[in-house]
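# Examination of the molecular architecture
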Number of protein chains: 2
Amino acid sequence: MEWTIQELAARAGITSRTLRHYDRFGLLAPSRVGANGYRYYGLGAVARLQRILLMRRLGMGLPAIAEVLAEEVDEHDGLRAHIAALEEERDRIEQQIRSVRHTLEALQAGVEPRMDVMLAGFNDRYKDEVISRWGERAFQVSNDWWHGKTLEQQRAWKQASEDLVAAWVAAARAGISPTSARAQTLAARHVRWLSEIPGTPTADGDRERSIAMVKGVGDMFVDDPRFAAMYEDAAGAVFVRDALHAYARTRM
Amino acid sequence: MEWTIQELAARAGITSRTLRHYDRFGLLAPSRVGANGYRYYGLGAVARLQRILLMRRLGMGLPAIAEVLAEEVDEHDGLRAHIAALEEERDRIEQQIRSVRHTLEALQAGVEPRMDVMLAGFNDRYKDEVISRWGERAFQVSNDWWHGKTLEQQRAWKQASEDLVAAWVAAARAGISPTSARAQTLAARHVRWLSEIPGTPTADGDRERSIAMVKGVGDMFVDDPRFAAMYEDAAGAVFVRDALHAYARTRM
DNA sequence: TTTGACCTTGACGCTGCGTCAACTTCTAGC
DNA sequence: GCTAGAAGTTGACGCAGCGTCAAGGTCAAA
């Protein structure tokens, strides 16, 4: 089975100009070129084009796509990678559907949509954000750490986290100052809690970056509504942030 | 909750430049602009941005997106449309996953992948193709016609179609000529069968376009592997095409 | 043999941003 | 209150990825 440039373009939903562009660019050569110069596309070209179009829709540039395709020695691996990328994309879209549904339902109920859920719509970047802040290795390590725990251990860690949150909420409600002894004791507990996660600067003993991280974590409570929600309201989140900032300044 | 331009950009996975571009373009204005000229984005802006980014990924241009958003009077309808678009997108991706899986399995089994399944990967354009060939109205009418039938009627029509296909296959196997009486009788039956679908030129009595359509349908049996597969092999599809072409030339 | 549809190779143009540059404004720590 | 550095602003220029002619060759059907 073989197609002319127009036939393939029509089925792929692009123009023949695009196919010529890819040819010129060295990204997708026709399977066969007639003596008259006509381009004919066969099986391999169709599969390759599908992969190219997927990556283009993910926002990749042509040079990046060429690189990916060039690195693939095995055709099977390439197709498997393609499937994996598609599945990831599908999951992302389903996440977005849930996100928009929530926004719609909140709107109909007359309440404000929760920002954390709304933001989940495009949070494929959250991971990137974490990585750029604390490094790729930190992300990998702490990820492995979490998945390396038993279910029982995971539950225990979650429980400890929730206890900490509850303590923060109680302190915030008590109306004490973020620099008070009680708040600072909680901050110390918070830092110890953080240091249990390997791969983070606190666990590694890097003082400079530890301070930056503790402050950064504090900021997250205010900036990132997913955390703000945990602490009941904005005031609580601000309290946690201030306490952590004070702790980082005075005791680290 | 309110974000600065960078905060929103980071979470959306774009740059602040893009947000400024959208503002300048009149596509997404900040919820509030400080006395200092700073842009601040709130709830509405976030939801709108999500919609914009979705449409961008679907390949729409900024003017087209602006038009869509401008037409939406009701915010609820907009969100519902967004969900519908996302679901369609998800279905398309799942279709593609099946398509690529098939290609991979065929490759592993050492057989040729079926082109119809491969092409299903990007066949959101098939509908467009049909429309551009026979017109929007024709598509609408025949679509309504099909969905207006009872389940029993649909089964009956499908049965008639399969009988026709079986007759074609038998004729092709018999090794007769496409211009023979038997083949031409079948062609006539095929045309009658086509004319049952309202909205097509044959049903409307438009002779010129009827001939074009019958020929076009004939070509589809060879060009479009989904039909070729129905007729068992390429030779069968060629037989059907030649018979239909001959019929259109001599008897219409 | 002609007609019309489809192919080819340039070449120029547009859209959607990326990327300085030059300047102002805000925030944190002394 | 002052200063450094991060983040904000408005131009302006540049580039990638095609769209869109223009000026021809090729092919299939009548």
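These figures come from a predicted structure and were not determined experimentally. (Residues numbered from 1 in each chain as written. Chains lettered and ligands numbered in written order. Predicted model: local features only at pLDDT ≥ 70, side-chain atom pairs only at ≥ 80, totals over all residues. Heavy atoms only, no water.)

Looking now at the overall build of chain A. Within chain A one finds 14 helices and 3 strands. Per-residue burial over chain A gives 42% buried out of 252 residues. Long-range pairs, those at least 24 residues apart, make up 53% of the contacts in chain A between residues at least 6 apart in sequence. Put simply, chain A shows about 13300 Å² of open surface, and 52% of that area lies on carbon and sulfur atoms. (Helix = DSSP H or I, 4+ residues; strand = E, 2+ residues; numbered from the N terminus. Buried < 20%, exposed > 50% of the residue type's maximum accessible area, 1.4 Å probe, protein only. Contact = heavy atoms within 4.5 Å. Areas by Shrake-Rupley, 256 points an atom, 1.4 Å probe, with all protein chains shown as cover.)

The next subject is the pattern of salt bridges. Within the structure shown, the criterion is met by 18 salt bridges over all chains. In this structure, Glu 87 of chain A engages Arg 101 of chain B in a salt bridge whose closest nitrogen and oxygen atoms are separated by 2.7 Å. Highlighted residues: Glu 87 of chain A in helix α5 (residues 75-109) and Arg 101 of chain B in helix α5 (residues 75-109), drawn from two different chains. A relative accessible area of 25% places Glu 87 of chain A in the partly exposed class. A salt bridge links Asp 91 of chain A to Arg 90 of chain A; the shortest N-O distance between them is 3.5 Å. Counted as one network, the salt bridges with shared partners bring together Arg 57 of chain A together with Glu 89 and Arg 92 of chain B. (Salt bridge = Lys/Arg side-chain N within 4 Å of Asp/Glu carboxyl O.)

A few words now on the side chain of Arg 51 of chain A. Residue and element names in this part refer to chain A. Topologically, Arg 51 is positioned in helix α3 (residues 43-57). Using a relative accessible area of 10% as the deciding quantity, one classes Arg 51 as buried. Apart from residues lying up to four places away in sequence, Arg 51 is in contact with Leu 69, Glu 72, Gly 78, Ala 81 and His 82.

Another aspect to go through is the protein's contact with DNA strand D. DNA strand D sits among 20 residues. The nearest are Thr 15, Arg 17 and Leu 62 of chain A together with Gln 6 and Arg 39 of chain B. Within 4 Å of the protein, the contacting atoms of DNA strand D are 79% sugar and phosphate, with bases supplying the remainder. At 2.6 Å, a side-chain N or O of Thr 15 of chain A approaches a phosphate oxygen of DNA strand D. Measuring from a phosphate oxygen of DNA strand D, one finds a side-chain N or O atom of Asn 36 of chain A at 2.9 Å. Of all elements in the fold, only α2 (16-25) and α4 (62-71) of chain A together with α1 (5-12) and α2 (16-25) of chain B reach the threshold of two or more residues within the surface near DNA strand D. Counting residues per element, the surface near DNA strand D draws most heavily on α2 of chain A, at 4 residues. When its residues are assigned to classes, the surface near DNA strand D shows 6 nonpolar, 8 polar and 6 charged. (Near = heavy atom within 4 Å. Polar contact = N/O pair within 3.5 Å; in protein donor to acceptor, adjacent residues only side chain to side chain. Nonpolar A, V, L, I, M, F, W, Y, C, P; charged D, E, K, R; others polar.)

With that out of the way, let us pick up the sheet that holds strand β2 (residues 32-33) of chain A. All names here are of chain A. A sheet is described by the order of its strands in space; here 3 strands give the open sequence β1-β3-β2, paired in antiparallel fashion. A strand with exactly one partner marks an edge of an open sheet, and here the two such strands are β1 (3-4) and β2. Across 2 bridges, the pairing between β1 and strand β3 (residues 39-41) is antiparallel. Looking across to β3, one finds that Thr 4 is bridged to Tyr 40. (Pairing = 2+ DSSP bridges.)

Glancing now at the protein's contact with DNA strand C. Around DNA strand C sit 20 residues, and of these Gln 6 of chain A together with Thr 15, Arg 17, Asn 36 and Leu 62 of chain B come closest. Here a base oxygen of DNA strand C sits 2.6 Å away from a polar atom, N or O, in the side chain of Arg 17 of chain B. A distance of 3.5 Å separates a sugar or linking oxygen of DNA strand C from a polar atom in the side chain of Tyr 38 of chain B. Of all the secondary-structure elements, those providing two or more residues to the surface near DNA strand C are α1 (5-12) and α2 of chain A together with α2 and α4 (62-71) of chain B. By residue number, the principal contributor to the surface near DNA strand C is α2 of chain B, which donates 4 residues. Across the surface near DNA strand C, the residue classes break down as 6 nonpolar, 8 polar and 6 charged.

With their axes 9 Å apart at the nearest point, α5 of chain A and α5 of chain B run at an angle of 165 degrees to one another. Considered as vectors, α5 of chain A and α5 of chain B are oriented roughly antiparallel to each other. The crossing of α5 of chain A and α5 of chain B is left-handed. When its residues are assigned to classes, the contact of α5 of chain A with α5 of chain B shows 16 nonpolar, 10 polar and 14 charged. (Axes fitted to C-alpha atoms, helices over the stretch in contact; angles between N-to-C directions. Parallel < 35°, antiparallel > 145°, perpendicular 65-115°, else oblique. Left-handed = near helix turned anticlockwise from the far one by under 90°.)

Turning our eyes to something else, we now look at the sheet that holds strand β1 (residues 3-4) of chain B. Residue and element names in this part refer to chain B. Taking strand neighbours across the sheet as the criterion, the 3 strands line up as β1-β3-β2 in an open arrangement whose pairing is antiparallel. The two strands at the open ends of the sheet, each matched to only one other strand, are β1 and β2 (32-33). Relative to strand β3 (residues 39-41), β2 is paired through 2 bridges, and the arrangement is antiparallel. Looking at β3, one finds that Arg 32 is bridged to Tyr 40.

Of all the positions in α1 of chain A, only Ile 5, Leu 8, Ala 9, Arg 11 and Ala 12 of chain A are classed as buried. Buried residues of α1 of chain A fall within an arc of 165 degrees about the axis and therefore sit on the same side. (Arc of directions from axis to C-beta.)

A few words now on the environment of Ala 171 of chain A. Residues and elements named next belong to chain A. Mapped onto the secondary structure, Ala 171 falls in helix α9 (residues 151-173). Separated by 11 residues in the primary sequence, Ala 171 and Arg 182 place their C-alpha atoms 7.8 Å from one another. Non-local contacts of Ala 171, meaning those with residues more than four positions away in its chain, are made with Ile 176, Arg 182, Leu 186 and Phe 239.

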